[in-house]
Amino acid sequence: MTEPRSARYQGLFPVVPTTFTETGELDLDSQKRCVDFMIDAGSNGLCILANFSEQFLLADDEREVLTRAILAHVAGRVPVIVTTTHFSSKVCAERSRRAQDMGAAMLMVMPPYHGATFRVGEPQIHAFYQQVSDAVTIPIMVQDAPAAGTPLSAAFLARMARDIEHVAYFKIETAGAASKLRELIRLGGEAIEGPWDGEEAITLVPDLEAGATGSMTGGGFPDGIRPILDDYRAGRRDKAIAGYERWLPLINIENRQCGFLAAKALMKEGGIIACEAPRHPWPAVNPDSRSLLIETARRLDALALRWAK
């Protein structure tokens, strides 16, 4: 079997939550503290403007402000992936070029979709990623997520990797992710630079077993996830599995109960950010779920609860 080529980026690249004030304005001071915590907690890199960043609640000018401010604040300490998803090939390509010019290390892009029914077929998706690739010189990660509602077979993803110069990373978050990762690697071989895990690491160990070399999780506890990846990569499989089993209750609460608000709840509880509220009309996290989240994080001595103190 042909192996994936050596990857420029591996390890843990959690999603940076977007921080707001109580009235829904961007809070850049909290945003910078959030980024500093995530780097100090062991993140190999970061991803901004993803779904877990509430990107669907941001205006275009706010995306520009956040990209510029976060990349300037990170100042090269770790590589930053910028999500540039848009239905329009032209708009996505322009977003991607601007992100690259501001210092993005990689782009993450979902296939074109809008609402519950607006989708396009494989020829249009292939051409979409081709146009984005033609606009940039940095890697593109295809986000294969249920939110898009767009079937992307392993064979089609592998074909795009072979055909399109900068399409080289794949974040697989669909059901049966491990099996799909194996098939993607088998079919794509050296064209697959980065087969990655997602979905808050809820399937992390099976995905690592399948060949995943990176993981994009929520941003609340990189200190828990990073050692699992390091141990697995170093051949300490039993230790990696033990670490995963230890942190799995918190991973489960994030994935199944609190979603993208988990990271902000942990950061607010620890004094890293000033406000954990999502942007309206998204509802606040259920208070009982939040209590269980914090209780579980305390039992694990999660860094988010003590970093700012």
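Computed from a predicted structure; not experimentally measured.

Cut-offs and rules
- Residues numbered from 1 in each chain as written.
- Predicted model: local features only at pLDDT ≥ 70, side-chain atom pairs only at ≥ 80, totals over all residues.
- Heavy atoms only, no water.
- Helix = DSSP H or I, 4+ residues; strand = E, 2+ residues; numbered from the N terminus.
- Expected span 1.5 Å × (residues − 1).
- Buried < 20%, exposed > 50% of the residue type's maximum accessible area, 1.4 Å probe, protein only.
- Arc of directions from axis to C-beta.
- Contact = heavy atoms within 4.5 Å.
- Polar contact = N/O pair within 3.5 Å; in protein donor to acceptor, adjacent residues only side chain to side chain.
- Phe/Tyr/Trp six-rings, centres within 6.5 Å; stacked < 30°, edge-to-face > 60°.
- Axes fitted to C-alpha atoms, helices over the stretch in contact; angles between N-to-C directions.
- Parallel < 35°, antiparallel > 145°, perpendicular 65-115°, else oblique.
- Left-handed = near helix turned anticlockwise from the far one by under 90°.
- Nonpolar A, V, L, I, M, F, W, Y, C, P; charged D, E, K, R; others polar.
- 1 Å grid on protein atoms, 1.4 Å probe; cavity = no way out; pocket = protein on both sides within 12 Å on 5 of 7 lines; lining within 4 Å.
- Points joined across faces, edges and corners; volume = space filled by probe spheres on them.

(A) Structural detail: helix α11 (residues 287-299). Given a rise of 1.5 Å per residue, 13 residues ought to cover 18 Å, and the 18 Å separating the end C-alpha atoms of α11 matches this to within 8%. Taken residue by residue, α11 has S289, R290, L293, I294, T296 and A297 as its buried positions. Along the axis of α11, the buried positions cluster into a sector of 165°, meaning they face one direction only. Exposed residues on α11 whose side chains face more than 90 degrees from its buried face are P287, D288 and R299. In the core, the buried residues of α11 are packed alongside α9 (237-258) and α10 (261-269). Capping of α11 at its N-terminal end is provided by N286; its side-chain oxygen lies 2.8 Å from the backbone amide nitrogen of D288.

(B) Expanded view of helix α2 (residues 60-74). Over its 15 residues, α2 runs 21 Å from end to end, which matches the ideal 21 Å to within 8%, given 1.5 Å per residue. Three or more residues of α2 are buried, namely E62, R63, L66, T67, I70, L71 and V74. Buried residues in α2, looked at end-on, bunch into an arc of 145°, giving them a common side. Of the residues in α2, the exposed ones pointing more than 90 degrees away from the buried face are D61, R68 and A72. Of the surrounding elements, those touching the buried residues of α2 are α1 (28-40), β2 (46-48), β3 (80-83) and α3 (89-102). Looking one or two residues past α2, A75 carries a phi angle of roughly 50°, positive in sign.

(C) Up close: the packing of aromatic side chains. Scanning all chains against the criterion turns up 11 aromatic pairs. Ring plane angle 70° and centroid distance 5.9 Å describe the contact between F37 and W307, whose orientation is recorded as edge-to-face. Residue F37 is found in helix α1, and its partner W307 is found in the segment after α11; the two are separated by 270 residues along the sequence. Among the residues examined, W307 registers a relative accessible area of 25% and is labelled partly exposed. Relative to W196, the ring of Y169 has its centre 5.9 Å away and its plane inclined at 90°; by these criteria the two rings are edge-to-face. With a gap of 27 residues between them, Y169 in strand β8 (residues 167-172) and W196 in strand β9 (residues 194-197) connect regions that are remote in the sequence. Each member of the pair, Y169 as well as W196, carries the same accessibility label: buried. Aromatic rings pair up to connect Y9, F13, Y169 and W196 into one cluster.

(D) A look at the packing of helix α8 (residues 222-233) against α9. It is the contact of α8 with α9, at a shortest axis distance of 8 Å, that shows an interaxial angle of 160°. Considering their axes alone, α8 and α9 lie roughly antiparallel with respect to each other. For the pair α8 and α9, the crossing hand works out as left-handed. Here D223, G224, I225, I228, D231 and Y232 of α8 lie close against α9, whose contacting residues are R237, K239, A240, G243, Y244, W247 and I251. Split by residue class, the contact of α8 with α9 holds seven nonpolar, two polar and four charged.

(E) Layout of the layout of surface pockets. Here the largest pocket defines a volume of roughly 510 Å³. Around the largest pocket sit 29 residues that line it, and N51, F52, E200, G259 and F260 are the ones nearest its centre. Computed from the structure, the second largest pocket encloses a volume of approximately 350 Å³. Forming the walls of the second largest pocket are 13 residues, and the residues nearest its centre are Q55, F56, T85, Y113 and H114. Mapped by element, the contributors of at least two residues to the lining of the second largest pocket are α2 and β5 (113-114). Residues that form the lining of the second largest pocket fall into these classes: five nonpolar, five polar and three charged.

(F) The arrangement of unusual backbone geometry in detail. P281 follows H280 through a cis peptide bond whose omega is 15°. Mapped onto the secondary structure, P281 falls in the loop between α10 and α11. Of note, the phi angle at L49 is positive, near 65°, even though the residue is not glycine. Relative to the elements of secondary structure, L49 occurs in the loop between β2 and α2. L49 sits in the buried class, given a relative accessible area of 3%. Of note, the phi angle at E200 is positive, near 60°, even though the residue is not glycine. Within the secondary structure layout, E200 lies in the loop between β9 and α7 (204-209). Judged by relative accessible area, which is 10%, E200 ranks as buried.

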